[in-house]
Amino acid sequence: MKAMKKALCLLLAAVMLFAITACSGSTNGTAPDAQTTASAASDGKGGDHDGNIVVAVQYDLGSFNTGARWANEDFPYYFLVYDRLFEYDEDTNAIPHLVEEETVLSDTQIQYKIHQGAKFSDGTEVKAEDIAASVMHAVNSKLAGEMFDQILSVDVVDDYTVVVNTADVYPQLKLALADPLASILPAKFLKDAEANPDLWSDPVCSGRYKVKSRVVGSSVELIPNEYWWDAATAPQNDSITFKVVPEASTRTIMVQTGEADLCDNFSAADIATAEADPNVTIHRLPSSRYFYIFMNVNAPEFEKKEVRQALNYAIDREACLLVQEEGCGQVMFDYVAPACMGYMENPGGYEYNPEKAKELLKAAGVENLTFDLTCEASFNSMAALIQAQLAEIGVTCNIVTIEQMPDIIPLIDQGQCNAGVVAWSGPPDDALTIPCTLGEAAIGANNFSKYVNPELEALFSKAYDMDDNARTEAYREWEEILCEDCPWIPLYVNEQRALANADLKNVEMCCIMPYNLYKLTY
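This one's a predicted model, so the numbers in the text were calculated from it and none came from an experiment.

Please set out the overall build of the protein residue by residue, giving values where relevant.
In terms of helices and strands, the protein carries 17 helices and 19 strands. The buried share among the 522 residues of the protein stands at 58%. The long-range share in the protein, meaning contacts at least 24 apart out of those at least 6 apart in sequence, stands at 70%. Split by element, the accessible area of the protein, about 20,400 Å² in all, is 48% carbon and sulfur.

Give me empty space enclosed by the protein: which residues, what numbers.
Within the structure shown, the criterion is met by seven cavities of 30 Å³ or more. Space inside the largest cavity adds up to approximately 240 Å³. Forming the boundary of the largest cavity are 17 residues, of which Trp-70, Ala-71, Asn-72, Ala-423 and Asn-446 lie nearest the centre. Those elements that place two or more of their residues in the lining of the largest cavity are β12 (280–295), α14 (408–413) and β16 (419–424).

Which residues make up the sheet that holds strand β7 (residues 161–166), and what values do they have?
Two modes of strand pairing occur in sheets, parallel and antiparallel, and in both the strands are linked by backbone hydrogen bonds. Taken together, the four strands give an open sheet; going across it, the order is β4-β5-β7-β6, and neighbouring strands pair in antiparallel fashion. For this open sheet the edge positions go to β4 (99–106) and β6 (151–158), each flanked by a neighbour on one side alone. Strand-to-strand twist across the sheet, computed as the mean angle between neighbouring axes with direction ignored, equals 20°. Pairing geometry for β6 and β7, over six bridges, is antiparallel. Paired with Ile-151 across the two strands is Thr-166, which belongs to β7. Of the strands in this sheet, β5 (109–114), β6 and β7 touch helix α4 (residues 128–141), which is tilted by about 175° from β6.

How would you sum up the nonpolar core? Please name residues and give values.
If you look at the biggest cluster of nonpolar residues, it comprises 158 residues, and the most contacted ones within it are Phe-148, Leu-311, Phe-371 and Leu-390. Non-local contacts of Phe-371, meaning those with residues more than four positions away in its chain, are made with Glu-301, Phe-302, Leu-311, Leu-390, Val-395, Thr-396, Cys-397, Asn-398 and Ala-419. The next biggest cluster of nonpolar side chains, apart from the first, holds 15 residues, and it includes Val-54, Val-245, Ile-271 and Val-280.

Describe the state of the cysteines, listing the residues and the values that go with them.
Using the criterion set out here, one finds zero disulfides in the structure. In this structure Cys-263 is not part of a disulfide, and its nearest cysteine sulfur, from Cys-328, lies 15 Å away. On the accessibility criterion, Cys-263 (1% relative accessible area) is buried. Cysteine Cys-375 remains unbridged, with the sulfur of Cys-397 as its closest cysteine sulfur at 8.6 Å. Classification of Cys-375 by relative accessible area gives buried; the value is 0%.

Give a detailed account of the packing of helix α11 (residues 317–325) against helix α13 (residues 380–391), specifying residues and quantitative values.
Interaxial distance between α11 and α13 falls to 8 Å at its minimum, and their mutual angle equals 155°. One finds that α11 runs roughly antiparallel with respect to α13. When the axes of α11 and α13 are compared, the crossing they make is right-handed. Side by side, α11 and α13 meet where Ala-319, Cys-320, Val-323 and Gln-324 of the first sit next to Ser-381, Met-382, Leu-385, Ile-386 and Gln-389 of the second. Residue classes in the contact of α11 with α13 are distributed as six nonpolar, three polar and no charged.

So what about the pairing of strand β14 (residues 370–376)? Which residues, and what values?
For β14, the buried fraction is high: five of the seven residues fall into the buried class. Two strands pair when backbone bridges link them, and β14 and strand β15 (residues 396–402) are joined in this way by seven bridges, in the parallel orientation. If you follow Phe-371 over to β15, its bridge partner there is Cys-397. Read from β14 through α13 to β15, the crossover connection turns out right-handed.

With reference to specific residues and values, describe α11.
Counting buried positions along α11 gives eight out of nine residues, so the element sits mostly inside the fold. Arg-317, Ala-319, Cys-320, Leu-321, Leu-322, Val-323, Gln-324 and Glu-325 are the residues of α11 that are buried. Following α11 by one or two positions, Glu-326 adopts a phi angle in the positive range, close to 55°.

Quick rundown of unusual backbone geometry? Include the residues and the values.
If you check the backbone angles, Lys-142 has positive phi at about 60° while not being a glycine. Note on placement: Lys-142 falls in the loop between α4 and α5 (146–149). Despite not being glycine, Asn-516 shows a phi value in the positive range, around 55°. Mapped onto the elements of the fold, Asn-516 is located in the segment after β19 (514–515). On the basis of relative accessible area, Asn-516 is assigned to the buried category, the value being 18%.

Kindly report on the environment of Ala-383, identifying the contributing residues and their values.
Tracing the sequence through the fold places Ala-383 in helix α13. Residues Ala-383 and Asp-107 lie 276 residues apart in sequence; the distance between their C-alpha atoms is 48 Å. Residue contacts for Ala-383: discarding those within four places in its chain leaves Cys-375 and Ile-399.

Explain the pattern of salt bridges to me, using residue names and the numbers behind them.
Following the criterion strictly, the structure yields 20 salt bridges and no others. Taking the shortest distance from any N to any O, the salt bridge between Glu-221 and Lys-212 comes out at 3.9 Å. Counted as one network, the salt bridges with shared partners bring together Glu-275, Arg-284, Glu-325, Glu-495 and Arg-497.

Quick rundown of the packing of aromatic side chains? Include the residues and the values.
For the structure on display, the rule yields 20 aromatic pairs. Between Tyr-313 and Tyr-350, the aromatic rings sit 4.8 Å apart at their centres with planes inclined by 50°, giving tilted as the arrangement. Residue Tyr-313 is found in helix α10 (residues 305–314), and its partner Tyr-350 is found in the loop between β13 (329–331) and α12 (354–363); the two are separated by 37 residues along the sequence. Considered together, Tyr-313 and Tyr-350 belong to a single accessibility category, that of buried residues. Counting every residue linked through ring pairs, the aromatic cluster contains Tyr-290, Tyr-292, Tyr-335 and Trp-488.

Report on α12, specifying residues and quantitative values.
One turn of the α-helix equals 3.6 residues, which is why residues spaced by three or four share an orientation. Among the residues of α12, those classed as buried are Pro-354, Ala-357, Leu-360 and Leu-361. End-on view of α12: buried residues confined to an arc of 120°, all on one side of the axis. Relative to its buried face, α12 has exposed residues pointing more than 90 degrees away, namely Glu-359, Lys-362 and Ala-363. In this structure, the buried side of α12 is in contact with α10. Backbone geometry just after α12 places Gly-365 at a positive phi near 70°.

What counts and how
Residues numbered from 1 in each chain as written. Predicted model: local features only at pLDDT ≥ 70, side-chain atom pairs only at ≥ 80, totals over all residues. Heavy atoms only, no water. Helix = DSSP H or I, 4+ residues; strand = E, 2+ residues; numbered from the N terminus. Buried < 20%, exposed > 50% of the residue type's maximum accessible area, 1.4 Å probe, protein only. Contact = heavy atoms within 4.5 Å. Areas by Shrake-Rupley, 256 points an atom, 1.4 Å probe, with all protein chains shown as cover. 1 Å grid on protein atoms, 1.4 Å probe; cavity = no way out; pocket = protein on both sides within 12 Å on 5 of 7 lines; lining within 4 Å. Points joined across faces, edges and corners; volume = space filled by probe spheres on them. Pairing = 2+ DSSP bridges. Axes fitted to C-alpha atoms, helices over the stretch in contact; angles between N-to-C directions. Core = buried A, V, L, I, M, F, W, Y, C linked by side-chain atoms within 4.5 Å. Disulfide = S-S within 2.5 Å. Parallel < 35°, antiparallel > 145°, perpendicular 65-115°, else oblique. Left-handed = near helix turned anticlockwise from the far one by under 90°. Nonpolar A, V, L, I, M, F, W, Y, C, P; charged D, E, K, R; others polar. Right-handed = clockwise from strand over helix to strand, strands pointing away. Salt bridge = Lys/Arg side-chain N within 4 Å of Asp/Glu carboxyl O. Phe/Tyr/Trp six-rings, centres within 6.5 Å; stacked < 30°, edge-to-face > 60°. Arc of directions from axis to C-beta.

Dropping the structure here:
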């Protein structure tokens, strides 16, 4: 039955996708063919097992400037070239790293003493002034809304001690300081880069690696930082080179042929092929990467709540998961991933119900609804399926294709995109998700829906209760409000997958990506 449903979904998607392609002609989403891209990567070090690791990735780095954008696609690079006060473990809990000692001075003051002897890639020592400047760089970026808005200032006590001052009790502070946005850079470099942004092309690094070279749109090569302070977590390879390969099947072929050692975002469509290949290993883990359709609630087509509710009933999430992820994942009706402490399976009681959707549109007095849905090229099959499902309730959905998901941000900023398929992943706490994606302070950053609800804003303060039970109850109140207002159409949480050479050791996964790449070795 599942195979038949998938076949029907794919047939319907294929028909609609043909229409999209025929109408759109050449798009930015056109991917190079597998043979060409694999051949272009053949000068890499993958497969020769000489200590130089090649990772085939879907997305290019946006910038080494952690304050330029807050995108999951940049995190693998940041985790390697920058140190942080805290690091994530495999469950994205915050564990101390550069922090040697923590002292709670008051409800709103936490003192941190850092390890002495940590150095940047230029040989200078990491000092408290660098910590203060780096944390405030994250705060001033305004990219993460409430996550860093809770931090008022950072005081330098001595060369190795800082005090972080928060607006209120902030139980999520360690998680915030583990975020890549809080990466540690020299205070002088940050000041100089304000006047000369070109400096970000070759940053002074605090992490296990430093930058050897970068070809924008093609590759980033990292080599060990000879000044790395923690011998127990030193790189176990000679270099890591990220090769940008947008096409999923090409990344698979590169690992199978030895032209890459590892690839991220391994496609579910290639699972059967990879399972039959003894030269590769699939690494899988339940994910917290959450896919949804945002709707700009201020746009005329989405300003009525009943319209947004109708669209939530109109889309068959199971079919979307089947077409896009081969069914590997979990459909979503809530506004946070199952890993989050405030997760509720379906607080709004939504289901696939086209007749209910039609009733809501009729009650709202809306006819002939038309809107554009923006998505990256790899989502075209699912987008075509959604287009067909919406057509069943009399809604016209035009698909706008972009090359990669981060490209949607400037379109939103320029008012050229009112609905799109996007993703979110982060620590397992609603306070670091909902305020960052649907809070008023996040408009202009990750609140793509430009949604503001004063009732919800008033409830955000409850997120900072030290009692987990009290916080969980507050989070459920948030979810109920959001499921009524429907600024999003939740779709699914996918499965985190990577493909690696079968001989590659120490491949580790967390719920958002392969991580601890410094451990990779043969």
